[in-house]
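# Breakdown of the fold
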2 protein chains.
Amino acid sequence: MQTATEENTIENRAAAFFTDLQNRICARFEEFESSARFERVPWKKDEPEDETGKRLNGSGERRLMTGSVFEKVGVNFSDVHGTFSHQFREEIPGAAESQGQFRACGISLVSHMANPFVPAVHMNVRFLQTSKSWFGGGADLTPTFPYDEDTALFHDAMKGACDSYRPDAYAEYKDYCDRYFYLPHRGEPRGVGGIFFDNLNSGDQEADFAFVRAVGEAYLDVYPKIVERRIDTSFTDEDREKLLFKRGRYVEFNLVYDRGTKFGFATGADPEAFLMSMPPIVKW
Amino acid sequence: MQTATEENTIENRAAAFFTDLQNRICARFEEFESSARFERVPWKKDEPEDETGKRLNGSGERRLMTGSVFEKVGVNFSDVHGTFSHQFREEIPGAAESQGQFRACGISLVSHMANPFVPAVHMNVRFLQTSKSWFGGGADLTPTFPYDEDTALFHDAMKGACDSYRPDAYAEYKDYCDRYFYLPHRGEPRGVGGIFFDNLNSGDQEADFAFVRAVGEAYLDVYPKIVERRIDTSFTDEDREKLLFKRGRYVEFNLVYDRGTKFGFATGADPEAFLMSMPPIVKW
């Protein structure tokens, strides 16, 4: 692949960071497991333009682990380019002006934990390019039994990343996260929040990229600390039942409200990829 | 309640049939259980008109049983009236002309079975009235391990109800069912089908109502026969696992595509009611 991917452009640097982050997160998570290891599922797409105007090329790697601590964790990297369908071009910033051409790369992570006292977690950072370009992402915690000190530790880590970027970023992205990860039909938040941001383009792309890296690093630093705190907490069948019902709410959010999932349904993506976030076992 | 509900109108007769059907279905299902019985949750709504133009009055009864044969079965009856929101009036036939006034009554049933060889089942019949009035409903089977003879028995029963109504009704409603209960993102049907119909108003309301009664009676007759056939089939842990994964598809359909569920999300209904269809335990 002696191609454009070798160039030191922002999109290539972003993709390189995401894949490196994927490697480091997976290695760190495996340290918690005595024998379980991530299964790697590399994939390639080379779909010619169809009648809707959609063309998709690129590759990625899904990594999935079923362990005794991480009951189900998916850490996916993808780097795709092509053209959006004519209909979709109208909805994506700058896509009409690029004749639908885009590139998108990112890492997406969802982890469902065996111990009900270890919170589930979601993290995603991504870069999109049409005639415009921007970063997006976020990270949030979904405990069944929230501990104030875990919530504080997680938010402090995210705040640290935000503070390095812009004084009011944390308040803004925390608020966005609270509004986004909310189940209106239940009148319940999905979890205890975190940060969420999109269409990030301040005019200083290096600063934006540095912020996204800081979020990834903060996540990689803080989540294992929370796992370590709770991993040995003993639990009853009843605690585990509560976890399974809490996961039902997670499913409701992800199938009904989550943008990534909706994007997957709308674009005919591989369900094994965009439904990676589904918990391994759930009750209602 | 010495009110309009005493009158011998089509809507009152429909409501009376639905509540009677609920009673008979629940009684029949309880015969399969040694000790489990339906829990009854009666409810009443008396919500004054809100800023969207929505007003809701009425009552109903949810019946839920957790048994050893019927792992989770909900049989809900409701009879509500009021006004639709201004926005919703545009979408419902005859609602603009009725100034949003409506009455809706029906029975809705979803059953998830403990034995993986007993198919899950859904049945719903309903009557709606605005300035127009119509029946809707259907019944379909979702086996994890389809038996051709069960599929045939179920379809024959539905065909019998349809044939008493109109020669081409079965072909039409079976086709509608196949198109509706389909998961495009999986490229899979939800189950082995049945019948599905809506906006049923042939001009002969008595004939329409007789058909809807026939569907209800056919369901009540045929489903217990299928349960009886399969109830004593022994199963392995692996069979049960397949059931739990099959239920994941059921959840995907109901949260993403099912109209009743979408209606529930859109109207701010009680999630315990419109998410009654969620299986008790599910795997992905």
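These remarks concern the structure in this document. (Residues numbered from 1 in each chain as written. Chains lettered and ligands numbered in written order. Predicted model: local features only at pLDDT ≥ 70, side-chain atom pairs only at ≥ 80, totals over all residues. Heavy atoms only, no water.)

Once that is clear, we can look at the overall build of chain A. Broken down by element type, chain A carries 8 helices and 10 strands. Against the compact-globule benchmark of 19 Å for 284 residues, chain A has a radius of gyration of 19 Å, which places it among compact chains. With the principal axes as the frame, chain A shows a C-alpha extent of 55 × 40 × 40 Å. Buried residues in chain A amount to 55% of all 284 residues. In chain A, the proportion of contacts linking residues at least 24 apart, taken out of those at least 6 apart, comes to 67%. Of the roughly 12,400 Å² of accessible surface on chain A, 50% is carried by carbon and sulfur atoms. Both charge centroids of chain A, one from 34 positive and one from 46 negative side chains, sit 2 Å from each other. (Helix = DSSP H or I, 4+ residues; strand = E, 2+ residues; numbered from the N terminus. Rg over C-alpha atoms; globule rule 2.2 N^0.38 Å. Buried < 20%, exposed > 50% of the residue type's maximum accessible area, 1.4 Å probe, protein only. Contact = heavy atoms within 4.5 Å. Areas by Shrake-Rupley, 256 points an atom, 1.4 Å probe, with all protein chains shown as cover. Lys, Arg positive; Asp, Glu negative; His and termini not counted. Charge placed at Lys NZ, Arg CZ, Asp CG, Glu CD.)

The next subject is the relation of the copies chain A and chain B. Between the two copies of the chain lies a rotation about an axis combined with a shift along it. Between chain A and chain B, the superposition needs a rotation of 180° and an axial shift of 0.0 Å, giving an RMSD of 0.0 Å. Here the two chains are linked by the operation of a two-fold rotation axis. It is V282 of chain A whose C-alpha, among those of chain A, lies nearest the rotation axis, at 2.5 Å. Same-surface contact between copies: 100% of interface residues of chain A are shared with the interface of chain B. (Least-squares fit on C-alpha atoms with pLDDT ≥ 70 in both.)

Residue and element names in this part refer to chain A. Considering all chains together, one arrives at 46 aromatic pairs over all chains under this definition. Centre to centre, the rings of F32 and F70 are 6.0 Å apart; their planes meet at 55°, and the pair counts as tilted. Here the residue F32 occupies a position in the loop between α1 (10-30) and β1 (39-47), and F70 occupies one in strand β3 (residues 70-83), the gap between them amounting to 38 residues. By the burial criterion, F32 is buried, and F70 matches it. Among the aromatic residues, ring-to-ring pairing joins Y176, Y180, F181, F196, F253 and Y257 into one connected group. Over the aromatic face of F209 sits the side chain of R213, whose NZ or CZ is 4.4 Å from the ring centroid. (Phe/Tyr/Trp six-rings, centres within 6.5 Å; stacked < 30°, edge-to-face > 60°. Lys NZ or Arg CZ within 6 Å of the ring centre and 35° of its normal.)

This paragraph deals with the sheet that holds strand β3 (residues 70-83) of chain B. Residues and elements named next belong to chain B. Read from one edge to the other, the open sheet built from 7 strands follows the order β1-β2-β3-β4-β5-β6-β9, with strand pairing classed as antiparallel. Because the sheet does not close on itself, it has two edges, and the strands there are β1 (39-47) and β9 (193-200). Sheet twist, expressed as the average angle between the axes of neighbouring strands with direction ignored, equals 5°. Note: strand β5 (residues 120-129) against strand β6 (residues 133-142), 10 bridges, orientation antiparallel. Looking at β6, one finds that V121 is bridged to L141. (Pairing = 2+ DSSP bridges. Axes fitted to C-alpha atoms, helices over the stretch in contact; angles between N-to-C directions.)

Glancing now at the interface of chain A and chain B. The interface of chain A with chain B comprises 20 residues on the first partner and 20 residues on the second. Approximately 1,700 Å² of surface area, both sides summed, lies buried where chain A meets chain B, with 70% of it carried by carbon and sulfur atoms. Counting across the interface, chain A meets chain B through 2 salt bridges. One can count 5 residue pairs in polar contact (both at pLDDT 80 or more) joining chain A with chain B. Elements with a contribution of two residues or more to the side of chain A that touches chain B: α6 (237-256), α8 (271-274) and β10 (281-283) of chain A. (Buried area = accessible area lost by both parts, 1.4 Å probe. Salt bridge = Lys/Arg side-chain N within 4 Å of Asp/Glu carboxyl O. Polar contact = N/O pair within 3.5 Å; in protein donor to acceptor, adjacent residues only side chain to side chain.)

All names here are of chain A. Locating N124 in the fold gives a position in strand β5 (residues 120-129). At a separation of 3.0 Å, a polar atom in the side chain of N124 contacts the main-chain carbonyl oxygen of I107. Not counting residues up to four positions away in its chain, the partners in contact with N124 are I107, S108, G136, G137 and G138.

Another point: unusual backbone geometry. A negative phi angle is the norm for most residues apart from glycine, just as the trans form is the norm for most peptide bonds. For N199 of chain A, which is not glycine, the phi torsion reads 50° and is therefore positive. Relative to the helices and strands, N199 of chain A is located in strand β9 (residues 193-200). Positioned with a positive phi, Q99 of chain B is a non-glycine residue whose angle comes to about 55°. Take Q99 of chain B: it is sitting in the loop between α2 (86-89) and β4 (101-113).

Residues and elements named next belong to chain A. Buried residues dominate strand β6 (residues 133-142), accounting for 10 of its 10 residues. Sheet analysis places β6 next to β9, joined by 6 bridges and oriented antiparallel. Paired with D140 across the strands is G194, a residue of β9.

Time to look at the pairing of β3 of chain B. Residue and element names in this part refer to chain B. Counting buried positions along β3 gives 12 out of 14 residues, so the element sits mostly inside the fold. Pairing geometry for strand β2 (residues 55-65) and β3, over 11 bridges, is antiparallel. Within β3, the position partnered with E61 by the bridge is F77. In sequence, β2 turns back onto β3 through a hairpin of 4 residues. By the bridge criterion, 13 bridges tie β3 to β4 in an arrangement that is antiparallel. By the bridge assignment, H81 is partnered in β4 with R103.

What follows covers the environment of D50 of chain A. All names here are of chain A. You can see D50 is positioned in the loop between β1 and β2 (55-65). On a C-alpha basis, the gap between D50 and A161 in space is 41 Å, while along the polypeptide they are 111 residues apart. A polar side-chain atom of D50 sits 2.6 Å from a polar atom in the side chain of T52.

Moving on to the sheet that holds strand β4 (residues 101-113) of chain A. Residues and elements named next belong to chain A. Spatially, the 7 strands line up as an open sheet ordered β1-β2-β3-β4-β5-β6-β9, and their pairing is antiparallel. Among the strands making up the open sheet, the edge pair consists of β1 and β9. The average undirected angle you get between the axes of adjacent strands in this sheet is 5°. Sitting on the sheet, α1 is in contact with β1, β2, β3, β4, β5 and β6, with an inclination near 15° to β4.

The next thing to look at is the pattern of salt bridges. Residue and element names in this part refer to chain A. Counted under the stated rule, the structure contains 56 salt bridges over all chains. Measuring nitrogen to oxygen at the nearest pair gives 3.4 Å for the salt bridge that ties R62 to D270. Placement of R62 in strand β2 and of D270 in the loop between α7 (259-267) and α8 is noted, with a sequence separation of 208 residues between them. By relative accessible area, which is 15% here, R62 ends up buried. A salt bridge links E71 to R247, with the nearest nitrogen and oxygen atoms 2.8 Å apart. Here E71 is found in strand β3, whereas its partner R247 is found in helix α6, with 176 residues between them in sequence. On the basis of relative accessibility, which here comes to 13%, the residue E71 falls in the buried class. With relative accessibility at 3%, the residue R247 sits in the buried group.

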